[in-house]
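Summary of structural features
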Amino acid sequence: MLEPLRQGLPPLDPAAVSDAASCALPARYEAVGDARRFTRRTLDQWDLGERFDDVCLVVSELVTNALRHALPANTPRLTEQDPPVRLHLMRWTERLVCAVRDPSRESPVARDSDDFSAESGRGLFLVDSFSDGWGWHPMAGTLGGKVVWALFRLQHAGECPHPSD
């Protein structure tokens, strides 16, 4: 399913939202580490530390893509007081969503590559592989840019991760 769901997130019951957190990220690659640390703290607070590896990989890829592709080198960088990229983590009863907002309205594009030893170009393949779904949508109203999101299903306590096992 490498084509992102452009229509936005699948329907989620707003009454089931239990937690949300976000952080602003400056236009520098060190922000990827900041995003990972923010994700670790947030998931630990929500007792979802066991999902950290998959979620952190996806967050890293989404933030890296925003910094690399949504902020070209010749684009003036905004000040630290007005960071151009924002990471949002939202938890519903059975789902976790990681969303990264950036100033570009361009669609994320998964590259076709048979070279699995390449240093770059596989980010959206990783997002697709480690999440339960992903997509993007342009920001509405006066907010420019887009949001790229990834969805993770959460298990209930005591639920078997692989029912067929």
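Here, every reference points to the structure presented above.
If you're wondering where the values come from, they're calculated on a predicted model, not measured in any experiment.

Bringing the side chain of D102 into the picture now. Following the sequence through the fold, D102 ends up in strand 3 (residues 95–102). At a separation of 2.9 Å, a polar atom in the side chain of D102 contacts the main-chain amide nitrogen of S104. Separated by 3.0 Å, the side chains of D102 and K146 make a polar contact. With residues up to four places along the chain from it excluded, the contact list for D102 reads A66, A70, P84, V85, G144, G145 and K146.

The biggest cluster of nonpolar side chains holds 33 residues, and the ones touching the most others in it are L25, V59, V63 and L87. Those elements that place two or more of their residues in this core are strand 1 (17–25), helix 1 (31–45), helix 2 (52–69), strand 2 (85–92), strand 3, helix 3 (123–130), strand 4 (133–138) and strand 5 (146–153). Counting residues per element, this core draws most heavily on helix 2, at nine residues. Not counting residues up to four positions away in its chain, the partners in contact with V59 are A35, T39, L87, L89 and C98.

Axis separation between helix 1 and helix 2 bottoms out at 9 Å; the angle between their running directions is 150°. Crossing geometry of helix 1 relative to helix 2 is assigned as right-handed. Residues A31, V32, A35, R36, T39, R40 and L43 of helix 1 pack against F52, V55, C56, V59, S60, V63, T64 and L67 of helix 2.

Let us now look at unusual backbone geometry. We note that D47 has phi near 55°; this positive angle belongs to a residue other than glycine. Within the secondary structure, D47 is located in the loop between helix 1 and helix 2. Residue classification places D47 among the exposed positions, given a relative accessible area of 66%.

This next bit is on the packing of aromatic side chains. Tallied over the entire structure, the rule returns zero aromatic pairs. For the cation-ring pair, R40 lies above F52, with the distance from its terminal atom to the ring centre recorded as 3.7 Å.

Cut-offs applied
Residues numbered from 1 in each chain as written. Predicted model: local features only at pLDDT ≥ 70, side-chain atom pairs only at ≥ 80, totals over all residues. Heavy atoms only, no water. Helix = DSSP H or I, 4+ residues; strand = E, 2+ residues; numbered from the N terminus. Polar contact = N/O pair within 3.5 Å; in protein donor to acceptor, adjacent residues only side chain to side chain. Contact = heavy atoms within 4.5 Å. Core = buried A, V, L, I, M, F, W, Y, C linked by side-chain atoms within 4.5 Å. Buried < 20%, exposed > 50% of the residue type's maximum accessible area, 1.4 Å probe, protein only. Axes fitted to C-alpha atoms, helices over the stretch in contact; angles between N-to-C directions. Left-handed = near helix turned anticlockwise from the far one by under 90°. Phe/Tyr/Trp six-rings, centres within 6.5 Å; stacked < 30°, edge-to-face > 60°. Lys NZ or Arg CZ within 6 Å of the ring centre and 35° of its normal.

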